[in-house]
Amino acid sequence: MAPTTQDLSVNPPPPSYLARLQDFVSENRRAILVCTAAAAVALGAAYYVSTTSPPRPGSGKDRQKDKRKDKPSSKKKRSEEDGPVLEEIKPKEEEQRMYTLDPSPFPAIRYNSLHVFQERIKRAGSLKSRGNALYQARKFTQAAELYTQAIQVSPKPEPIFHSNRAACYMNMSPPEFEHVVEDCDAALRHDPNYVKALNRRANALEALSRYAEALRDFTAATILDRFQNEAAAQSVERVLKKLATEKAQTLAATREPRLPSQTFISAYFAAFRKRAQPTLPETPSQGDQTLLLALDALEAADYPHALSLVNEAVDQGVSWDIGRAEALNLRGTFKFLTSDIKGAKADLEQSLALNPSLTQSLVKLASVHMEEGNHAQAMECFDNAIKVDSSDPDVYYHRGQVHFITNDYAAAAENYTKSTSLDSTFVFSHIQLAVAQYKMGNVANSMATFRRTMAAFPNRAEVCNYYGELLLDQQRFEDAVEKFDRAIELEKTKSPPNPLPLVNKALAIFQWHKDIQRAEVLCREALAIDPSCEPAVATLAQLALQKSEIETAIEWFEKQVELARGEAEVVAALTYLEASKAQLQFVTAYPEMAAQLQQIASAMM
């Protein structure tokens, strides 16, 4: 698969193995959901089998009638808003359950005769039937009162009465969501497999913005229904998005700005051709000299020091406009990298006010506009940059990146070609041209472009790495691993080396040989090089799921959230994290599902 970007910037796309992992999860989300659950259940099944009592009569199979009511019929369906599908139990079923009832859970109730017990059962059933009729007439308050009387009269707990009353509360104006939750809690205490109650409680919890609990219930309902209920599956995705977005926004508002990984920053700056440092005035100020120190630190890939120095230079005061424009360009870049989009925009605009011919600031401002979702303004920045200097190859390369991430691969290829015609020594224009050709389906042309690029840049690890990714996408595992190995060797000559080929090789080894242990070793080698390498962390999380180590996976997902840059990446990482937590909650609550889940998993994978 071709490299893609997560944050819609016009910089080198982040590594495609992360995109491949995300694509795999997206395309197989239900299989992963059930397999993760099955794996986690399997770990704890032996303990729970010895400590959990058998299911009581009335749970599971007694709800088959409810499920039949969920199936499409030739009659017009009644939505939940129009009224619930109210559950019924035939008298014969009541009698059968009554005769097999274990009275031990109800020590406070004593009956003089079986006749009294049967009369109370009959009375409760009559109240429920009258409640059903009132409900269908949309008289929800009166119906709820009759269900309340049925609950009080019934000599034994009856989950259906609570669920039907919850449906009344759900349909009142305004809805009484807290009461819905209370009634569904009561129903589920007596029948944890009651899918209708799970769905009703989940909907109420969602309305109360209690998204984590809603996700727990929708996840359980989806799995208990064996993934046959599309509405429940869609609800899982909907609530996951709400929960992840809410948590991402809270996180963004509370966490301090932080530079992303060394790998990410290096890739960003590598996307711009090197320029000569500005010439100092005859009598440079302290701020002027500090600016040159910041640029030296940037050249040495000492990014934290470069950030500190450029902030210091701006505070000290850069004495001439060209130099101050460079300082604001660099400070705005670091703000962009720390997701301070507003601050980055202000610095880049001020940089252009001081030096309108600084095309790099225009290109970076286009990144800001893309981050804000303003494609038109981003393209206007490129048009202005071309007016300033139509011979700047960086302008065409980055405009090609915008076309690439908006899926206009033909326009992207045209811009990469233009960039290369102006400067054939910039390796990324060649690489991205090959990737764009691949995305357009011109596989032969793409492979030929990569071979020419490898011949022209024999010592550039990036060519081997990206070529290997496309080979891996074609499942040419041996050839892909060979390219990754070559990239790893070439990276060893750099300080620090780029860890991405190691993670790509890990993914290839796993897909090829299912060798999880070797894949983990490679990812840990990557983290030894760059402890903040997010793709290595994301891959280790997925490998942990494959090993049935869901709690370990959660720890890696938490690390991925910590490392994610920008709201979109944080939301994606939180989505995996919260889904895994919900699955762990399910398998803890339903350990008896182990065998069934493993059977479903085998059929789906």
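Residues numbered from 1 in each chain as written. Predicted model: local features only at pLDDT ≥ 70, side-chain atom pairs only at ≥ 80, totals over all residues. Heavy atoms only, no water.

1. Looking at the overall build of the chain
Helix and strand counts for the chain come out as 30 helices and zero strands. In the chain, buried positions account for 52% of the 605 residues. Restricting the contact set of the chain to residue pairs at least 6 apart, pairs at least 24 apart contribute 63%. For the chain, the accessible surface area stands at approximately 27700 Å², while carbon and sulfur atoms represent 51% of it. (Helix = DSSP H or I, 4+ residues; strand = E, 2+ residues; numbered from the N terminus. Buried < 20%, exposed > 50% of the residue type's maximum accessible area, 1.4 Å probe, protein only. Contact = heavy atoms within 4.5 Å. Areas by Shrake-Rupley, 256 points an atom, 1.4 Å probe, with all protein chains shown as cover.)

2. Focus on the packing of helix H20 (residues 409-422) against helix H21 (residues 427-439)
Remark: H20 packs on H21, axes separated minimally by 9 Å, with the N-to-C direction vectors making an angle of 160°. Taken together, the axes of H20 and H21 lie roughly antiparallel to each other. In this structure, the crossing between H20 and H21 has a hand that is left-handed. Facing Tyr 409, Ala 413, Tyr 416, Thr 417, Ser 419 and Thr 420 of H20, the residues of H21 in contact are Ser 429, His 430, Gln 432, Leu 433, Ala 436 and Lys 439. When the residues that make up the contact of H20 with H21 are grouped by side-chain class, the tally is five nonpolar, six polar and one charged. (Axes fitted to C-alpha atoms, helices over the stretch in contact; angles between N-to-C directions. Parallel < 35°, antiparallel > 145°, perpendicular 65-115°, else oblique. Left-handed = near helix turned anticlockwise from the far one by under 90°. Nonpolar A, V, L, I, M, F, W, Y, C, P; charged D, E, K, R; others polar.)

3. Describing the pattern of salt bridges
Enumeration according to the criterion identifies 28 salt bridges in this entry. A salt bridge links Asp 183 to Arg 165, with the shortest nitrogen-to-oxygen separation between them at 2.7 Å. One end of the pair, Asp 183, is in helix H8 (residues 177-190); the other, Arg 165, is in helix H7 (residues 159-171), and 18 residues separate them in sequence. Of the two residues examined, Asp 183 and Arg 165, each falls in the buried class. (Salt bridge = Lys/Arg side-chain N within 4 Å of Asp/Glu carboxyl O.)

4. Focus: the nonpolar core
Counting residues in each nonpolar core, the largest one holds 112 residues, and the members touching the most others are Phe 269, Tyr 303, Leu 330, Phe 334, Phe 404, Ile 431 and Phe 450. Broken down by element, the residue count for this core peaks at eight residues, all from H21. Discounting residues that sit within four places of it in the chain, Tyr 303 has contacts with Leu 259, Gln 262, Ile 265, Ser 266, Phe 269, Leu 298 and Phe 334. One finds Met 172, Cys 184, Leu 205 and Ala 579 within the second-largest nonpolar core, a separate group that totals 27 residues. (Core = buried A, V, L, I, M, F, W, Y, C linked by side-chain atoms within 4.5 Å.)

5. Considerations on the packing of helix H12 (residues 262-270) against helix H15 (residues 321-337)
Remark: H12 packs on H15, axes separated minimally by 12 Å, with the N-to-C direction vectors making an angle of 135°. Taken together, H12 and H15 sit at an angle that is classed as oblique. In terms of crossing hand, the pair formed by H12 and H15 is right-handed. Counting all contacts with H12, which are made through Phe 264, Ile 265, Tyr 268 and Phe 269, the residues of H15 involved are Leu 330, Thr 333, Phe 334, Phe 336 and Leu 337. Looking at the contact of H12 with H15, its residues break down into eight nonpolar, one polar and no charged.

6. Some details on the environment of Glu 520
Locating Glu 520 in the fold gives a position in helix H26 (residues 516-529). Those residues within four positions of Glu 520 in sequence are excluded, and the remaining contacts are Leu 540, Leu 543 and Lys 547. Engagement of the side chain of Glu 520 in a polar contact is seen with the side chain of Lys 547, the distance being 3.2 Å. (Polar contact = N/O pair within 3.5 Å; in protein donor to acceptor, adjacent residues only side chain to side chain.)

7. Observations regarding the packing of aromatic side chains
Scanning the entire structure with this criterion turns up 14 aromatic pairs. Clustering of aromatic rings is evident, with ring pairs tying together Tyr 268, Phe 269, Phe 272, Tyr 303, Phe 334 and Phe 336. The aromatic ring of Phe 510 is capped on one face by Lys 514, whose charged end is 5.3 Å from the ring centroid. A cation over an aromatic ring shows up here: Arg 565 above the ring of Phe 336, its NZ or CZ 4.8 Å from the ring centre. (Phe/Tyr/Trp six-rings, centres within 6.5 Å; stacked < 30°, edge-to-face > 60°. Lys NZ or Arg CZ within 6 Å of the ring centre and 35° of its normal.)

8. Points about the side chain of Ser 419
Tracing the chain through its elements places Ser 419 in helix H20. Looking at Ser 419, the relative accessible area reads 0%, which means it is buried. Among the polar contacts listed, one links the side chain of Ser 419 to the side chain of Ser 429, at a separation of 3.0 Å. Look past the residues within four positions of Ser 419 in its chain and what remains in contact with it is Arg 273, Pro 393, Tyr 396, Tyr 397 and Ser 429.

9. Considering helix H9 (residues 195-207)
When the terminal C-alpha atoms of H9 are compared, their 18 Å separation across 13 residues agrees well with the 18 Å that a helix rising 1.5 Å per residue should span. For H9, the tally of buried residues reaches 11 of 13 residues, placing the bulk of the element in the interior. Every buried residue belonging to H9 is among Val 195, Lys 196, Ala 197, Leu 198, Asn 199, Arg 200, Arg 201, Ala 202, Ala 204, Leu 205 and Glu 206, and all of these are buried. Ser 209 sits one or two positions beyond H9 and adopts a positive phi of about 65°. (Expected span 1.5 Å × (residues − 1).)

10. Description of helix H11 (residues 230-254)
For H11, built from 25 residues, the straight-helix expectation of 36 Å at 1.5 Å per residue is met to within 8% by its first-to-last C-alpha distance of 36 Å. Looking at H11, one finds that the buried residues are Ala 232, Ala 233, Ser 235, Val 236, Val 239, Leu 240, Leu 243, Ala 244 and Ala 248. One side-chain oxygen at the N-terminal end of H11 lies 3.1 Å from the backbone nitrogen of Ala 231; it belongs to Asn 229.

11. Looking at the confidence of the model for the chain
Confidence along the chain averages 84 in pLDDT terms, with 80% of residues attaining 70 or more. For residues 1-84, every residue scores under 50 in pLDDT, and the model assigns this stretch 184 contacts once sequence neighbours within four places are set aside. Here residues 88-109 is a poorly scored stretch, pLDDT under 50, and it has 28 contacts once near neighbours within four places are set aside; other chains count. (pLDDT = per-residue confidence, 0-100.)

12. Structural notes on unusual backbone geometry
Across the junction of Ser 173 and Pro 174, the peptide omega takes the value 0°, indicating a cis bond. When you line up the elements, Pro 174 lands in the loop between H7 and H8. Put simply, Ser 495 and Pro 496 share a cis peptide bond, and its omega is -5°. For Pro 496, the position within the fold is in the loop between helix H24 (477-491) and helix H25 (500-513). Positive phi, close to 70°, is recorded for Ser 339, a residue that is not glycine. With respect to the element layout, Ser 339 can be found in the loop between H15 and helix H16 (341-354).

13. Some thoughts on the environment of Ser 173
With respect to the helices, strands and loops of the structure, Ser 173 is situated in the loop between H7 and H8. Under the relative-accessibility criterion, Ser 173 is labelled exposed at 77%.

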